[in-house]
Amino acid sequence: PPRRHKPRGNFLSDDQTRRTNAALARQERDRADLLAQIRRIASESITDEAPEQHAYADEQTECDDEEHVDVVYEEGRGGEVGMEEDDEQENGDESHADMAVVEGEGGEKKHQGPSRRARMAARLQVFRFFAGQLVHPDWLVSPPPDLAHNWLVAARPEGNRMLVISKHGWAVARNKNGRFQMKFPCLLPPRGVTIVDVAFAEATRTMHLLDVLCWNDCLLMDSSTECRHFFLKSRYEEMESELRETSVHHMYPMVLVDLHECTQQHLLRLYYEDLDYPKDSLLFVHKEAHYDPGLNPLWLQWRDAHLSRFAIDTTDPTGKDHPHREVGTLQLTKRHNKLKTMDGRIVGAIDDTTRKQHRLKPGQLVKCEMDGIDMDTMEVQNLMPLGRGPKTRLYPDSFSRLVVQAFMRMDSPPMDFNRILDAIAQSHDHEDGAGGGHADMDV
């Protein structure tokens, strides 16, 4: 057999070192690029020179054009769907497609700045960026085995999830879909860009601080949960008297939502005791979790009828009137007219007649009715499309959300509160047993 020559020198060691250095350089470069992008887009979204600011006045008029403004993002890609190819081709000369054309004297054509379509495309780019920065917690259907040791818990307040971007004493709040909600004076760090994840309580006009992405140009998204929360809590305590009160320089009070160790005592207090705000759910976050946007299994939320009046999805503001059938939002795939969840699970399909009837296109969201989930096969039952998904949605429901809603409608949630308490007790027992075993060995 031919001789196999070993590589000369420290080839494997040198190659690994080279790849390690390259990875570190790429990580540092990506971090710098992201921070630069955040600074640029955040600054533009606050100043009046931002591309989207031109259309704030006629927001409602432009948003009524569903064919142009409907934006959907493909799972895992962040690609934008909704700007139709046919419209692109109808523009003719691509070099002037983004310019408004008017006729001057003698029939001469002149270009007068960005067209409505170009302005909308610029706004959608900003929407896409900020919508893509939010973490979407998965739903708790089974307790993690290390719940007591490696997870933190908080009582999430009722309210709309928003990103608040602050700089130079002003802040812009954006909804989960990235759209502009409001601009207001704010006393968050006035110099660099600060971005916080909040729940805005409409009734009290209060912003509850859930997490921090960037603070005074310091990017924190790739830090652990413990690090981010310690940083945010420290900075908040330094400014608490200013952030809790309203003034001409600070329009909305800001209150920090505390994260706690996942113990039975903390859970019992968060679940049963009245807090300073109506509760929406319990939020479990892994201690080592980064703020990685998208559906994140290191973030888990759970609720029941005792904790929240909206345990079952409903459009009724009181939370009492529930639809007869479960309603969910799914996404139409590019091929075979299949419907998938946010985590990419195929749960059904539609025929061409239904797709054409509702004018559905690949990548768009589809509002559907269903009779729940088959508990043996874990498949959606009697799926019936109702039409396009809500304009305010950018992402479909996760499969775990569909499962939780199906169980809740049967009044048998897959995870009740006592089972969570038992999981914490078992986790402690396992740890104590392991510790006792090691002690015996040492003796």
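Quick caveat, the model's predicted, so the values are computed rather than measured. (Residues numbered from 1 in each chain as written. Predicted model: local features only at pLDDT ≥ 70, side-chain atom pairs only at ≥ 80, totals over all residues. Heavy atoms only, no water.)

Thoughts on the overall build of the protein
So the rule is basically this: Numbering of helices and strands runs from the N terminus, with a helix taken as a DSSP run of H or I at least four residues long and a strand as a DSSP run of E at least two residues long. Residue burial is assigned from relative accessible area. The probe radius is 1.4 Å, only protein chains are included, and a residue is buried under 20% of its type maximum, exposed over 50%, and partly exposed in between. Residue contacts follow a heavy-atom distance rule, with two residues in contact if any of their heavy atoms lie within 4.5 Å. In these tables, accessible area is a Shrake-Rupley quantity obtained with a 1.4 Å probe, and a residue counts as shielded only by the protein chains included in the view.
Check the secondary structure of the protein and you find 11 helices and 21 strands. Within the protein, the proportion of its 443 residues that are buried is 45%. Pairs at least 24 residues apart make up 65% of the contacts formed inside the protein by residues separated by at least 6 positions. With the model as given, the accessible surface of the protein reaches about 24000 Å², and the carbon-plus-sulfur share is 49%.

Points about the sheet that holds strand E15 (residues 279-286)
Filter applied, for reference: Each pair of strands is called paired provided DSSP finds at least two bridges between the two strands.
Pairing is mixed across the open sheet formed by five strands, whose spatial order is E5-E16-E15-E6-E14. Bordering the open sheet on either side are strand E5 (135-139) and strand E14 (260-261), each of which pairs with just one other strand. The pairing of strand E6 (residues 151-157) with E15 spans seven bridges and is antiparallel. Directly across from Trp151, in E15, lies its bridge partner His286.

Regarding the pattern of salt bridges
Keep this limit in mind: Put simply, a salt bridge is a Lys or Arg side-chain nitrogen that is within 4 Å of an Asp or Glu carboxyl oxygen.
The full count for this structure, using the stated rule, is 16 salt bridges. A salt bridge links Arg325 to Glu369, with the nearest nitrogen and oxygen atoms 3.2 Å apart. With Arg325 in the loop between strand E16 (294-302) and strand E17 (326-332) and Glu369 in strand E20 (residues 365-370), this pair connects stretches of sequence that are 44 residues apart. Through salt bridges with shared partners, a single network forms among Asp313, Arg393, Asp397 and Arg401.

Side note on the sheet that holds strand E19 (residues 346-349)
Within a sheet, adjacent strands bond to each other through the backbone by hydrogen bonds, running parallel or antiparallel. Applicable threshold: Fitting a line to C-alpha atoms yields each axis, with helices limited to the stretch in contact; the angle taken between N-to-C directions then spans 0 to 180 degrees.
If you trace the five strands from one edge of the open sheet to the other, you get E19-E18-E17-E20-E21, paired in antiparallel fashion. Two strands close off the open sheet at either side, each with one partner strand: E19 and strand E21 (384-388). Averaged over neighbouring strand pairs, the angle between their axes works out to 40° when direction is ignored. Pairing between E17 and E20: six bridges, direction antiparallel.

Details of the nonpolar core
Note the threshold: In this description, a nonpolar core means a group of buried Ala, Val, Leu, Ile, Met, Phe, Trp, Tyr and Cys residues linked to one another through side-chain atoms lying within 4.5 Å.
Membership of the largest hydrophobic core comes to 51 residues, with the highest contact counts inside it found for Ile165, Ile195, Leu267, Leu282, Phe284, Trp302 and Ile420. Apart from residues lying up to four places away in sequence, Leu267 is in contact with Val153, Leu282, Phe284, Phe417, Ile420, Leu421 and Ile424. Counting 25 residues, the second-largest nonpolar core is a separate cluster that includes Val164, Cys186, Leu220 and Met254.

Some words on the packing of aromatic side chains
Heads up, the condition is: Each Phe, Tyr or Trp ring (for Trp, its six-membered ring) is paired with any other whose centre lies within 6.5 Å, and the angle between the two planes then decides the class: stacked below 30 degrees, edge-to-face above 60, tilted in between.
Following the criterion strictly, the structure yields 10 aromatic pairs and no others. When the ring of Phe184 is compared with that of Tyr252, the centres are 5.0 Å apart and the planes differ by 80°; the resulting orientation is edge-to-face. A residue pair is termed long-range when its members are at least 10 positions apart, and Phe184 in strand E9 (residues 180-185) and Tyr252 in the loop between helix H7 (225-243) and strand E13 (254-256) qualify at 68 residues. Exposure remark for Tyr252: the relative accessible area of 8% places this residue in the buried category. The interplanar angle of 80° and the centroid separation of 5.5 Å between the aromatic rings of Phe200 and Tyr252 together place this pair among those described as edge-to-face.

Quick notes on the environment of His136
Among the structural elements, His136 can be located in strand E5. Sequence spacing of His136 and Pro293 is 157 residues, and the spatial spacing of their C-alpha atoms is 7.0 Å. Setting aside anything within four residues of it in sequence, one finds His136 in contact with Gly294, Leu295, Asn296, Met342 and Tyr395.

Overview of helix H5 (residues 116-131)
For the record, the criterion: A helix is expected to span 1.5 Å multiplied by its residue count minus one.
In this model, H5 (16 residues) spans 22 Å end to end at C-alpha, consistent with the 22 Å of a helix rising 1.5 Å per residue. Among all positions in H5, only Arg117, Met120, Ala122, Arg123, Leu124, Val126, Phe127, Phe129, Phe130 and Ala131 are buried.

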